[in-house]
Each structure stands twice: as C-alpha cells, then as structure tokens.
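Examination of the molecular architecture
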Amino acid sequence: MRIAQVAPLMESIPPKLYGGTERVVSYLTEELVRQGHEVTLYASGDSETSARLRPPVAHALRFNPQSGDPLIHHFLMLEDVFREADNYDVIHFHIDFLHFPLSRRHAHTSLTTLHGRLDIPDLELIHSRFSEMPLVSISHSQRKPIRKANWCANIYHGLPEDTLKFQDKPEGYLAFLGRISPEKRADRAIEIAARCGLPIKLAAKVDKVDEDYFESQIRPLLNRPGVEFIGEIAEHEKSEFLGGASALLFPIDWPEPFGLVMIEAMACGTPVIAYNHGAVPEVMDDGVTGFVVNDNDVDVAVAAVAQIDTIDRRRCRQVFEERFSVRRMTSDYVNIYSRLQSTHEIAPLRKIVG
C-alpha cells in the first residue's frame with residue numbers, strides 16, 4: 001500500500017527530546033515500512049526515517065528561532081501533500097484539522113488521528129462543519145466532547161518492544177516524566193514523594209507558555225530534599241530513568257487523551273500511580289500495572305505508593321506487550337486504511353469498527 005504520513009513540524013520525527021505525537025508517528029511509519037508498505041513521510045528535514053522523507057522545512061520549528069509563524073509552514077506542506085496526492089492510496093494526517101477544507105475538495109482517501117484534547121471551545125464547530133472527515137481517536141475518553149464526529153476507529157498508541165528495556169530491580173526513587181504545566185501537576189508529584197519519604201526525579205520539558213508557571217510554582221519546590229530536576233531527556237535515556245524508578249507518578253489534573261508515558265513505564269516494568277482523569281482507566285489495569293487513584297486527595301496516592309511492592313513488574317511488561325506494541329497499533333491502522341480505500345462511504349465503517 002502507498003501511504004503518506006503527514007506529521008506536525010514543531011518537532012522532528014522522531015523528536016530529539018519531548019514529543020508524544022511525533023514519537024508515535026515515527027513508530028507507526030517505521031513499522032509500516034518494515035511490513036513492506038511504500039511510505040512517504042512529510043516532516044522536518046532533520047527527521048530520521050526509513051520511509052521516503054518529504055521535508056517542507058529543513059529543521060524542526062521548535063529549534064529554529066527564525067521560523068516565524070508555524071501555520072505558514074504547515075500550509076505550505078499541505079500544498080505539497082495535495083499536489084502529490086495521486087501518488088498515495090491513503091493519506092494519514094496527524095495535524096489536527098488544518099487539512100479539512102482541502103481534503104473535502106479532493107477525492108483521495110484520507111484519515112486523521114486526533115492526538116490532543118478535544119474539550120476546547122468552538123472545536124465542535126469544526127467537526128460539525130466537516131462531519132464527513134474520518135477520524136481516529138486515541139482513547140474513548142478523548143471522544144466525549146465531540147461524540148457526534150465521524151469516528152471510524154479507536155486505536156491506542158503502541159511502542160516497539162525493543163525500544164525500552166525491562167528492569168526487574170528498581171533503585172528506590174519515584175519518577176515524573178513529561179511536561180511542566182499546571183495540568184500535569186509536577187507539584188503534586190513532589191508532594192506525594194515527600195509524604196512517602198522517597199526521593200523523586202523529574203525529567204520534564206518546560207514550554208515557553210509554561211515558563212512563568214515553572215518559575216513561580218515549581219522551581220521553589222526543587223530545592224526540597226530528595227528532589228532532583230533533570231530536565232528534558234532523550235529516548236535512549238528513558239529505559240534507565242523509568243526502569244530505575246519504583247513507580248511513575250502521573251498525578252494529572254486534566255482529560256488526558258492517552259498518556260504515552262504510562263505505557264513507556266510499563267515497557268520498563270515500572271508500575272504507575274495515576275489519577276483517574278481522561279484515558280487513565282482505559283490504559284491502566286488497576287492493581288495490575290499500578291494503581292488508579294480515584295480521588296484527588298494526596299493521601300490516597302500516598303497509600304497507593306505504599307502498596308507498590310504488590311505489583312509484579314514482569315506482569316507490567318507483559319501487559320505492555322499484549323496491549324501496546326507497535327505491531328498491534330500498526331495492524332489496527334492498516335485495517336482502517338484498507339477499509340477506507342475500499343469505500344468512500346464512512347457510515348458502513350462505523351458499523352464495522354465502531
């Protein structure tokens with residue numbers, strides 16, 4: 001099958017540091033190539049891929065201070081994509097809704113995976129106006145704000161099984177991995193660790209939009225005993241960081257669409273303590289891969305950490321392999337590609353894949 005993957009341009013594919021969407025696009029692209037498909041990747045020129053790379057820009061926009069308005073570069077990329085659309089059986093978009101008007105006007109098979117939160121004012125207006133666009137959600141929870149959109153599949157993220165290594169014996173610290181932002185609640189993670197009497201390591205990115213929050217709310221907490229702030233880490237550093245942790249803390253305070261870090265931890269055998277928001281109960285097996293905290297009370301999370309030794313780290317890894325491998329994710333996408341290619345009528349797809 002001839003497949004185009006259209007990626008965001010803010011980060012390279014895969015990202016050099018933080019970047020959940022870009023990492024998933026990379027995993028999917030490489031596995032499609034491995035399975036024998038002819039894949040073209042539209043992404044920044046500093047991307048690394050075994051697919052044919054079509055770079056609209058030389059470097060990821062986040063690391064290029066001269067790039068200006070990112071929308072300009074995404075619109076130019078879309079011009080390239082649709083000019084070359086006859087070369088593909090399926091065009092798979094990962095850039096939200098930017099392409100919808102062009103997709104409507106071209107008779108090419110396309111699919112859009114929505115990677116972000118959907119509880120945004122006026123977003124429903126977009127999906128109402130472009131109600132025929134076939135969409136994939138990354139969790140059932142993600143769909144709730146726009147249930148009437150044209151959902152043709154729900155496909156959970158997956159990772160290559162050899163990317164992150166299993167570690168049986170942790171080193172006695174708690175871990176926080178992700179972004180420093182109000183909804184990710186690094187402050188809550190630090191408090192939980194302090195109440196447990198355990199050290200915590202934070203490997204986290206600080207976006208420009210969150211710099212004031214970081215300086216005013218988080219930086220003062222980093223001076224506490226047992227708190228180590230590492231900053232952003234690359235993919236090759238995650239096995240050691242996550243595998244050495246007794247548990248990953250995921251004390252979020254927002255409707256998380258998926259939470260890639262949870263399955264990264266599982267891949268290392270590391271249990272997760274996660275607050276019950278968004279996709280958490282879909283991704284987590286409570287009491288098997290960690291604990292889902294059903295109350296925002298820190299006391300409940302502290303009690304969960306105290307029970308972490310009851311979690312079998314090998315079982316965490318096994319659940320990852322069973323539910324969240326890149327092979328399973330790619331198989332699910334290829335199934336949808338084939339169904340979309342065989343018919344442009346999305347209503348039957350809904351009945352088939354739900």
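Please read all numbers here as calculations on a predicted model, not as lab measurements.

Here we look at the sheet that holds strand E7 (residues 151–154)
Strand order in this open sheet of seven strands is E3-E2-E1-E4-E5-E6-E7, and the pairing throughout is parallel. Here the strands that pair on one side only, and so sit at the sheet edges, are strand E3 (52–54) and E7. Strand-to-strand twist in this sheet, taken as the mean axis angle between neighbours without regard to direction, amounts to 25 degrees. Note: strand E4 (residues 90–93) against strand E5 (residues 110–113), three bridges, orientation parallel. Bridge pairing in E5 links His92 to Leu111. Those strands touched by helix H12 (residues 326–342) are strand E1 (2–6), E4, E5, strand E6 (135–137) and E7, and its axis lies near 145 degrees from that of E5.

So, the environment of Tyr333
Among the structural elements, Tyr333 can be located in helix H12. The buried category is assigned to Tyr333, whose relative accessible area is 2%. The spacing of Tyr333 and Ala153 is 180 residues in sequence and 8.8 Å in space, taken between C-alpha atoms. Those residues in contact with Tyr333, other than ones at most four positions away along the chain, are Leu28, His92, Leu111, Thr113, Val136 and Ile155.

Topic: the sheet that holds strand E12 (residues 272–275)
Taken together, six strands build an open sheet; the order of strands is E10-E9-E8-E11-E12-E13 and the sheet is parallel. Both edges of this open sheet fall to strand E10 (227–229) and strand E13 (290–293), since each of them pairs with a single strand only. On average, adjacent strands in this sheet sit at an angle of 20 degrees to one another, irrespective of strand direction. Of the strand pairs in this sheet, strand E9 (residues 200–205) and E10 are connected by three bridges, and their pairing is parallel. Its bridge partner being in E10, Leu202 is matched across the sheet by Phe229.

Analysis parameters
Residues numbered from 1 in each chain as written. Predicted model: local features only at pLDDT ≥ 70, side-chain atom pairs only at ≥ 80, totals over all residues. Heavy atoms only, no water. Pairing = 2+ DSSP bridges. Helix = DSSP H or I, 4+ residues; strand = E, 2+ residues; numbered from the N terminus. Axes fitted to C-alpha atoms, helices over the stretch in contact; angles between N-to-C directions. Contact = heavy atoms within 4.5 Å. Buried < 20%, exposed > 50% of the residue type's maximum accessible area, 1.4 Å probe, protein only.

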